[in-house]
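# Coordinate inspection notes
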Amino acid sequence: MRKGIPASPGIAIGRAYVLIKKEDLVVKKEITDPAAEKARFYQALAETKAHVDALIKAAQESGRRESAEIFAAHRLLLEDPDLIKTVDARIEQEKVNAEFALETTLNYYINLLNQTDNVYMKERVADLKDLGRQILHFLLGKKPLAEIDLEEECIIVASELAPSDTSRLDPEKVQGFLTELGGPTSHTAIIARSLEIPAVVGMDGITTDVKDGDLLIVDGQQGTVYINPPPEVLEEDRRKQEAQG
């Protein structure tokens, strides 16, 4: 049995799907036309705002008020004057590409948040990473991030799931999820609860310990996880699962 941090209550029993996300590689480039580069950044920012607006609308229409509020907070971050001015200034003064200016700026704020003793502020790091990844996606000319395509029911195991990732999980396919990072007040955990998907977070090394297809029992109330449990444990938790409806 492994112990993590309870994030969303309920018992899930299913096969593991280990999600390995490939991050876009950012390369520093010297530029000769800062105005054109800044235009690229502002265009990507506008496209990200439109994408977040769509997430807000979808959450509102499905009655997930807390999710809508989280994405509304993301929308405000995209209007943050300090963030925008800093990226703009890096492009202008350092003559670097928008991707590098964005990543450098975000890393500065992320490092500040990681240094604080405030748990709530530390958990906002995932929000900044999420927004940065979305802006970068548009800067690279890619389409909006799609839903995680799953062919059958599973329990997702990942290093972390961003709030925008979690909001697109299909509760009909995703029985639960485990992440190495995150805490109970993270926006990812809040969205999981709104979707009623059992989840345990803060499970260091879980993406290494679990293999695709492993049978998992996730207890999001207790924060416990069984990997390939013995028959007697599986039977007991099936009864608990049936009892919770």
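The structure under discussion appears in the preceding block.
What you see is a predicted model, and the numbers here were worked out from it, not measured in a lab.

### A short note on the packing of helix α1 (residues 34-61) against helix α2 (residues 65-77)
Relative to each other, α1 and α2 sit at 165 degrees, their axes nearing to 8 Å. What the angle tells us is that α1 and α2 run roughly antiparallel. Taken as a pair, α1 and α2 cross one another with a handedness that is left-handed. Facing Lys49, Val52, Asp53, Leu55, Ile56, Ala59 and Gln60 of α1, the residues of α2 in contact are Ser67, Ala68, Phe71, Ala72, His74 and Arg75.

### Points about the layout of surface pockets
Estimated volume of the largest pocket: approximately 510 Å³. Lining the largest pocket are 23 residues, and of these Glu23, Lys129, Asp130, Arg133 and Glu160 sit closest to its centre. Every element with two or more residues in the lining of the largest pocket is listed here: α4 (98-115) and α6 (125-139). Taken together, the residues that form the lining of the largest pocket break down as 11 nonpolar, four polar and eight charged.

### Description of the nonpolar core
Core analysis: the biggest nonpolar cluster contains 45 residues, and Phe41, Ile135, Ile156 and Phe177 have the highest contact counts within it. Beyond its immediate sequence surroundings of up to four residues, Phe177 is in contact with Ile155, Ile156, Leu161, Thr166, Leu169, Thr188, Ala192, Ile197, Pro198, Ala199, Val200 and Val201. Val18, Val200, Met203 and Ile206 belong to the second-largest nonpolar core, a separate cluster that totals 13 residues.

### Quick word on the packing of helix α3 (residues 81-94) against α4
Each packed pair of helices is defined by two parameters, the angle between the axes and the distance between the axes. As a packed pair, α3 and α4 sit with axes 9 Å apart at the nearest point and diverge in direction by 135 degrees. Considered as vectors, α3 and α4 are oriented oblique to each other. Regarding α3 and α4, the two cross each other, and that crossing is right-handed. Of the residues in α4, those touching α3 at Asp82, Leu83, Thr86, Val87, Arg90 and Ile91 are Ala98, Ala101, Leu102, Thr104, Thr105, Leu106 and Tyr109. Here the residues of the contact of α3 with α4 are counted per class, giving eight nonpolar, three polar and two charged.

### Quick word on the packing of aromatic side chains
What characterises a pair of aromatic rings is the spacing of the ring centres plus the angle enclosed by the ring planes. If you walk through the whole model with that rule in mind, you get two aromatic pairs. Taking the centre distance of 5.4 Å and the plane angle of 70 degrees together, the rings of Tyr108 and Tyr109 count as edge-to-face. Under the relative-accessibility criterion, Tyr108 is labelled partly exposed at 48%. Its relative accessible area of 23% is what places Tyr109 among the partly exposed residues.

### Overview of the environment of Val18
Residue placement: Val18 occurs in strand β3 (residues 11-19). Along the sequence, Val18 and Val157 sit 139 residues apart, while their C-alpha atoms lie 4.7 Å from each other.

### Points about helix α8 (residues 187-195)
Counting along an α-helix, one turn takes 3.6 residues, and residues three or four places apart therefore face a common direction. Of all nine residues making up α8, seven are buried, and the element is well covered by its neighbours. Listed in full, the buried residues belonging to α8 are His187, Thr188, Ala189, Ile190, Ile191, Ala192 and Leu195. Glu196, located one to two residues past α8, shows a positive phi value of around 60 degrees.

The rules behind the values
Residues numbered from 1 in each chain as written. Predicted model: local features only at pLDDT ≥ 70, side-chain atom pairs only at ≥ 80, totals over all residues. Heavy atoms only, no water. Axes fitted to C-alpha atoms, helices over the stretch in contact; angles between N-to-C directions. Helix = DSSP H or I, 4+ residues; strand = E, 2+ residues; numbered from the N terminus. Parallel < 35°, antiparallel > 145°, perpendicular 65-115°, else oblique. Left-handed = near helix turned anticlockwise from the far one by under 90°. Contact = heavy atoms within 4.5 Å. 1 Å grid on protein atoms, 1.4 Å probe; cavity = no way out; pocket = protein on both sides within 12 Å on 5 of 7 lines; lining within 4 Å. Points joined across faces, edges and corners; volume = space filled by probe spheres on them. Nonpolar A, V, L, I, M, F, W, Y, C, P; charged D, E, K, R; others polar. Core = buried A, V, L, I, M, F, W, Y, C linked by side-chain atoms within 4.5 Å. Buried < 20%, exposed > 50% of the residue type's maximum accessible area, 1.4 Å probe, protein only. Phe/Tyr/Trp six-rings, centres within 6.5 Å; stacked < 30°, edge-to-face > 60°.

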